[in-house]
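# Reading the structure
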Amino acid sequence: MTTFDERAREWDTPERIARAAEIAAVIRPAVPLRPTDRLIDVGAGTGLLGLALADEVGSVVLSDPSAGMIEVAAEKLARIGLASARAIRHDLLADPPPEPRFDVAVSLLVLHHLADTRAALAAVRDLLVPGGRIALADLETEDGSFHSADAEGLHHRGFDRGRLAELATLAGFVDVATRIAAVLEKGENRRGFPVVLLTGRRPAG
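Now for a quick tour of the structure.

Parameters and conventions
Residues numbered from 1 in each chain as written. Predicted model: local features only at pLDDT ≥ 70, side-chain atom pairs only at ≥ 80, totals over all residues. Heavy atoms only, no water. Helix = DSSP H or I, 4+ residues; strand = E, 2+ residues; numbered from the N terminus. Buried < 20%, exposed > 50% of the residue type's maximum accessible area, 1.4 Å probe, protein only. Contact = heavy atoms within 4.5 Å. Areas by Shrake-Rupley, 256 points an atom, 1.4 Å probe, with all protein chains shown as cover.

### Thoughts on the overall build of the protein
- Along the protein, the regular secondary structure elements total six helices and seven strands.
- Listing the helices and strands of the protein from first to last along the sequence gives α-α-β-α-β-α-β-β-α-β-α-β-β.
- Burial statistics for the protein: of 205 residues in total, 48% are counted as buried.
- Contacts in the protein between residues far apart in sequence, at least 24 positions, make up 69% of those at least 6 positions apart.
- Accessible surface for the protein amounts to roughly 9400 Å². Of this, 52% is attributable to carbon and sulfur atoms.

Right, dumping it as structure tokens:
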């Protein structure tokens, strides 16, 4: 099995860069961003999604449990000189939420790597201030062919939209909605894999 640490240096392929830009373009109208917002990119890898949204918010934290990914993300931030962003090693399900809390949490193809989806969503909720918003993108239910045989840490073959919305509600979110955000094409036959965008907010009270 190839680990994320081992793959970090080769992570930023043209396909992944374009994928992050496509999802960022869907997030902008779905979860309006403010110049004062603090945004966290959960399971950020090298930070492709969070950095695609950095110009719309006040600050960005790129969080990931992989030391290799965070090393590459930190080098990227130093290279581009983005003072409003930082990269931290953080395990969503094992570590306490970073302080101060965030206005927006985003992720791209992260939830299917976490065994307990409800617990993961509850942990994302705990990252947020009251009224904080989510925009979490992941695969719709698929047959397992999206990933290669040596992919690390796979627990779900995508998600049923209705069940994902139900789990988000059980995790404490309100105004929960799902929509198809994009269709990712992979493989020689360019097979399409729909991506679901889950949105909602932590209650203000």
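### Observations regarding unusual backbone geometry
- In this structure, Pro100 follows Glu99 across a cis peptide bond, with omega equal to -10°.
- Along the chain, Pro100 falls in the loop between β3 (85-89) and β4 (102-108).
- Phi at Leu109 is positive, roughly 55°, even though this residue is not glycine.
- Mapped onto the fold, Leu109 is located in the loop between β4 and α5 (117-126).
- Take Leu109: its relative accessible area is 12%, and that puts it in the buried class.
- Located in the positive-phi region is Asp175, a residue other than glycine, with phi close to 55°.
- Its location among the elements puts Asp175 in strand β6 (residues 174-186).
- Under the relative-accessibility criterion, Asp175 is labelled exposed at 54%.

### What to know about the environment of Pro35
- Topologically, Pro35 is positioned in the loop between α2 (14-30) and β1 (38-42).
- The exposed category is assigned to Pro35, whose relative accessible area is 68%.
- Sequence-wise, Pro35 and Ala54 are 19 residues apart; in three dimensions their C-alpha atoms are separated by 9.5 Å.
- Residues within four places of Pro35 in sequence aside, it is in contact with Glu56, Val57 and Gly58.

Note that all results are geometric; they support no functional claim without further evidence.
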